[in-house]
Amino acid sequence: MERAEPMLRVATPDDASRVEALMKESAAVLFPRYYDERQSASAVRYVAQIDPMLLTDGTYFVLESDGQLVACGGWSRRDRLYTGSGESEDDSRTLDPATEPAKVRAMFVRADWTRRGLGRRIVEECEAAARREGYRQLALLATLPGVPLYLACGFQPLEEIEVALSDGVRIAGVSMEKAIDPLEGANNTPEVGRELFQPLAVGGLRR
Ligand SMILES: CC(C)(COP(=O)(O)OP(=O)(O)OC[C@H]1O[C@@H](n2cnc3c(N)ncnc32)[C@H](O)[C@@H]1OP(=O)(O)O)[C@@H](O)C(=O)NCCC(=O)NCCS
C-alpha cells in the first residue's frame, strides 16, 4: 500500500507520550544492530526518553504520515548534550550562539521508515533553525546507529567515547560537530580552538 509522504511539524508538549513511544519502538529494533542485549535494553530505557525541555522550547520536530508519528528529532539552545546524561545544574542554561555550539538531540526514525531521508530532513531542519538564531556550530553525541546519518549530513567525528547510562551500563558513542554555513550577510567568523564538550564527553563518564 502507498504510504503518505510524511509532513514535518514542530512537536508540542501534548505529543510527549506519542514521541516517547516512537523513540522506544525505533530503539528497540535498531539499537540491537549495534549494541549487545544488555546495552540495548538500557539504551531503550534511558536514551530513548523524551526530554520535555525540547518540547517546551519548540525546538523538536516530528514527521507524521497518515496521523502516525514516523520520525522525530530536534536541536537545543540548552546545555544538555543528550537524554540519559543525568541531571546537571547547567542543563537548562541557554548557550551563547556566538561562542557555543547548538546541540542536535534525540533523532529516531521508526524502523520501517528508515533510509528514506527522514533523518536527514530533520537534521537539515535543525541546522536551519539554529542558523536563524545565530548559532555557528552544531554538536552532538551520536549513538553508534546515528553515526552514518551524521557523517552523511556533514558532521565530523571528534572522538569515540563511552558513556555510562543511569543504571551504570556503558555504551559507545561518538562526539561530532559541524560548522553551520552563515546566513547571507551575517558576520560569522568562527572561533578557533574552542572546547566543544563538557568533561562528560571527553572523559567518557557521566557528570
Ligand atoms: C539514525 C537514524 C535516525 C537514521 O534515520 P534515517 O531516516 O534512516 O536516515 P536517512 O534515510 O535520512 O539517511 C541519510 C543518509 O545517512 C546515511 N545512513 C543512514 N542510516 C544508515 C545506515 N543504517 N547505514 C549506512 N548509512 C546510513 C546514508 O548515507 C543515508 O543516505 P542514503 O540512504 O541515500 O544512502 C535511524 O537509523 C534511527 O532512528 N536509529 C535509531 C535511533 C538512533 O540511534 N538515533 C541516533 C541518536 S544520536
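For the structure itself, consult the block above.
Each value, and the rule that gives it
Throughout this description, residue numbers start from 1 for each chain and increase along the sequence as written. Given that the model is predicted, a residue must reach a pLDDT of at least 70 before its local features are reported, and side-chain atom pairs must reach 80 or more before they are shown or counted; all residues, however, enter totals for whole chains, interfaces and linings. What makes a residue near a molecule or strand is its C-beta atom, placed from the backbone, lying within 6 Å of it. Elements are defined by DSSP. Helices are runs of H or I of four residues or more, strands are runs of E of two residues or more, and each kind is numbered from the N terminus. Amino acids are sorted into nonpolar (Ala, Val, Leu, Ile, Met, Phe, Trp, Tyr, Cys and Pro), charged (Asp, Glu, Lys and Arg) and polar (every other residue, Gly among them). Two strands qualify as a pair provided DSSP detects at least 2 bridges between them. All axes here are fitted lines through C-alpha atoms, helices being fitted over the stretch that makes contact, and every angle between N-to-C directions spans 0 to 180 degrees.

## Structural notes on the site of the ligand
- Taken together, 20 residues are adjacent to the ligand, and Thr114, Gly119, Arg120, Gly146 and Pro148 come closest.
- At the level of elements, α1 (16–30), β4 (102–109), α4 (118–132), β5 (137–143) and α5 (147–152) are the ones that each hand at least two residues to the shell around the ligand.
- Looking at the shell around the ligand, its residues break down into 11 nonpolar, six polar and three charged.

## Describing the sheet that holds strand β6 (residues 156–164)
- In spatial order, the strands read β1-β2-β3-β4-β5-β7-β6; together these seven strands make up an open sheet with mixed pairing. Here the strands that pair on one side only, and so sit at the sheet edges, are β1 (7–10) and β6. Averaged over all pairs of adjacent strands, the angle between strand axes in this sheet comes to 25°, irrespective of strand direction.
- In this sheet, strand β2 (residues 60–65) lies alongside β1 in antiparallel orientation, the contact comprising four bridges. Counted as the bridge partner of Leu8 is Leu63 from β2.

## So, the pairing of strand β7 (residues 170–179)
- When β5 meets β7, the two strands line up antiparallel, connected through seven bridges. The partner of Thr143 across the bridge, within β7, is Gly173.
- As paired strands, β6 and β7 are joined by eight bridges and run antiparallel to one another. Residue pairing in the sheet places Val163 in a bridge with Ile171 of β7.
- If you look at the hairpin formed by β6 and β7, you'll find five residues sitting between the two strands, and Gly168 has a positive phi there, around 90°.

Any link to function would need more than the numbers given here.
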